[in-house]
Amino acid sequence: MRTAFSTFRLRTVGFALAAGLLTPVAMAQDIKVGLVAALTGQSAQSGEAITRGLTIAIEQINARGGLLGRKVVLVRRDDESSPPKGVAAARELISSEKVSALFGGIDTPVSLAITPIANQSRTPFISVWAAGTGITVNGANPNYVFRVSAQDDLVDIALVRYASSRFGAKKPGLVLVNNAWGESNDKGLRAAAAAAKVELAGVEKIEMNDVDVTPQLSRLRNAGADALILVANAAPGAQMMKSRERMGWKVPVVSHWGISGGRFDELVGPSASDAHFVQTYSFFAPPNETGKAVMAELSSRYGVKGPADVIAPVGTANAYDAMRLLGIAIERAKSTEGDAIRKAMEDIDQYVGLIKTYKRPFSATDHEGLAPEDYVMVQYEGSRIVPVK
Amino acid sequence: MDRIALGSALITGTGLGCMYGLVALGYYVTYAASRTVNFAQGVPLMIGAVLVFALTNQLHWPVWAASLAAVGACAVFGLLVERLAVRPFVRRGSESWLMATIAVGLVMENIVLFTFGRDPRGLRNSLNDVGFDLGGLRITALQILIPVAGLLIAALLSSIVRSTRVGRELRAVALNPAAAQLMGVDPARIIALSYALSGALAGIAGVLIAPLYTVSAGMGTMFGIKAFAAAILGGIGGAWSVMLGGLVLGLAEAVIVAWAGSTYAQLIAFLLVIAVLALRPIGLFGRAVAQKV
């Protein structure tokens, strides 16, 4: 027994030593890119969707020989939608894993917390979902933070315009989740309403674990709200929709895209289709060559049968394009050094992507890869996210 | 405050309060039997909700069968908590059961996270689709069932503790375990039974709240904390005081939400709890018991 145990121990030690000697060499050759996103919790679907987009892009890059002749490897960390956990994960990825660039997840508070770390460590940080304006417009010079996603201030303008044009809303009410993302949109929506000369019925805050939102909705109804503009993730957004249904209030709902980061359709039930919300991409749109290739990968790798099966589509689409843009920048820079990548990102000429053909997507003063004309309004049809008819 | 907002707050507050009360009754029964509690009492609530979701949505069991199975599983979980995390420490005269119950809860929460999945899920219940309109407010059958079930269970439990043999044994064990043993009562059996009942009560709360809320591995944490606050607020010495404590907390929360918004609800509600306990340490409805020395 003792001999067998000793043999096992010797083998284990030998294997560990061999792994210890060989692994760093193999790892050193790789270009590591990090992802800090919600992989568990209420927004877990968003993390999975982003992972899929990044993985497909990385596999395509590696199939063509990688970047600078080196393989690209994705290293993921779960922030659990918590800024302190996101900060710890980002620090670990930068200092221990030596990632060349970081991608962020759905939660604006987490990405806002990572932004100064990225700028201090000169690590390019690309937001592929979180839309908080302050993530990219952060006052740093040079600024290492980019975004291939919607930006709150621009989405807010689009939401107010859509509520007016589609539903004839003259006095919309705002329902905002009570966190930094809600705060960001509070300012943006007030400014957008003022610019459009639209009076707001009121602004109500909801919590992530609210069971009943009827009191907040009652106040908005009494104030004469003729549409609701919702900024929340799937679970609190669903509680708002269920309360609206219980009140028998058929008010139109125009929403930011946080509700698509979870099982909004299942949580709400049939009335989920009443919410029209913003996306940067719809897999139902006629695909270009990139779209066909991504769909084929989604199908073979994740068993996705068609556009209806794509979970949290913007996460996948934004992440895919962001990774391909980063790849172009690394090739242009001929380096994985943060400052070289940043300058190369600002200098990308053209890329035929999934969402659109990017023409000089970034500059030294503009780090937003997408613009309002790239946004599409969609709604749930059962569990499918389809463009609004 | 708007009439509909107030009406909705009262209905939601009563329902939530009864849920807090049901979970808090679990604290009461184990405290009464052994002067110990399961500090992860929110976990059997979560298990009840997750199991009823899995059994109805994935295995297509009828709701009644899934509910019974879920509550039964929660009772078994209560027994396990007592056997693994309470009894070994109490026997050694250690207070480490406090940490051990939290640890068992965390382990269970993680097991559910990895098996059930990461996403919050939505449970449809036909009782949520049936209802009536009252003054412009839709009241569903489930919103009526929750407080009715909560109050009936509190009444039943109070009656069992007062009038049945098991109840008398429980009170005897609580007063003096050694003397109770001399009189033929098995304290270990009574304490195990109290933990099973505690798990079942939280499980019932989980089954009832699941259609109104979202079902996830982390859903029990805040319910467990608030239920403990409710038990202390009402006075942990009696079934009715615990249930009333839950009702007061639930209603206070809901009215604060209606009046000032949910941002301040927890802040003000817990400040109220602290203020009440500062003025009345035995809880709002608790009775001081003279200790014979």
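Our structure is the block above this text.
Here is what the cut-offs are and how they apply
- Within any chain, residue numbers begin from 1 and follow the written order of that chain's sequence.
- Chains and ligands are labelled sequentially in the order written, the chains with letters from A and the ligands with numbers from 1.
- Restriction of local features to residues with pLDDT of at least 70 applies here, the model being predicted, together with a cutoff of 80 or more for giving and counting side-chain atom pairs; totals for whole chains, interfaces and linings are based on all residues.
- A run of H or I in DSSP counts as a helix once it spans at least four residues, and a run of E counts as a strand once it spans at least two, with each numbered from the N terminus.
- Partly exposed residues are those whose C-beta has more than 12 but fewer than 20 other C-beta atoms within 10 Å; with 20 or more the residue is buried, with 12 or fewer it is exposed, and the C-beta atoms are placed from the backbone.
- In this description, a line fitted to the C-alpha atoms serves as the axis of each element, helices being fitted only across the stretch in contact, and the angle between N-to-C directions of two axes falls anywhere from 0 to 180 degrees.
- These descriptions rest on fixed angle ranges, namely under 35 degrees for roughly parallel, over 145 for roughly antiparallel, 65 to 115 for roughly perpendicular, and the rest for oblique.
- For a crossing to be left-handed, the near helix must be turned anticlockwise from the far one by less than a right angle; the clockwise case is right-handed.
- Residue pairs are scored as contacts if the distance between their C-beta atoms, which are placed from the backbone, is within 7 Å.
- Side-chain classes follow a simple rule in which Ala, Val, Leu, Ile, Met, Phe, Trp, Tyr, Cys and Pro form the nonpolar group, Asp, Glu, Lys and Arg form the charged group, and the remainder, Gly included, forms the polar group.
- Two strands make a pair as long as DSSP finds a minimum of two bridges between them.

Here's the deal with the environment of Gly 291 of chain A
All names here are of chain A. With respect to the helices and strands, the residue Gly 291 is situated in helix 11 (residues 289-302). Taking the C-beta count within 10 Å as the criterion, Gly 291 has 19 such neighbours and is therefore assigned partly exposed. In this structure the C-alpha to C-alpha distance between Gly 291 and Gly 353, which are 62 residues apart in sequence, comes to 8.1 Å.

Overview of the packing of helix 5 (residues 141-163) of chain B against helix 10 (residues 239-260) of chain B
Residues and elements named next belong to chain B. Viewed as axis vectors pointing N to C, helix 5 and helix 10 meet at an angle of 160°, and their least axial separation amounts to 9 Å. Between helix 5 and helix 10, the crossing angle belongs to the class labelled roughly antiparallel. Relative to helix 10, the crossing made by helix 5 is right-handed. Here Gly 150, Ala 154, Leu 157, Ser 158 and Val 161 of helix 5 come into contact with helix 10, specifically with Ala 239, Trp 240 and Met 243. By residue class, the composition of the contact of helix 5 with helix 10 is six nonpolar, two polar and no charged.

A short note on the sheet that holds strand 2 (residues 72-78) of chain A
Residue and element names in this part refer to chain A. Spatially, 2-1-3-4-5 is the arrangement adopted by the five strands of the open sheet, whose pairing is parallel. Each end of this open sheet is capped by a strand with a single partner; those strands are strand 2 and strand 5 (145-147). The mean inter-strand angle of the sheet, taken between neighbouring strand axes irrespective of direction, is 25°. Both strand 1 (residues 31-37) and strand 3 (residues 101-104) contribute to a ladder of four bridges, which runs parallel. Counted as the bridge partner of Val 36 is Gly 104 from strand 3. Docked against the sheet, helix 2 (residues 44-63) engages strand 1, strand 2 and strand 3, running at close to 170° with respect to strand 2.

Points about the interface of chain B and chain A
Every contact between the two is made by 25 residues of chain B and, on the other side, 30 residues of chain A. Going through the elements one at a time, helix 1 (3-34), strand 2 (137-140) and helix 10 of chain B are the ones with two or more residues in the side of chain B that touches chain A. Residue contributions to the side of chain B that touches chain A peak at six residues, all from helix 1 of chain B. Considered class by class, the residues forming the side of chain B that touches chain A number 12 nonpolar, seven polar and six charged.

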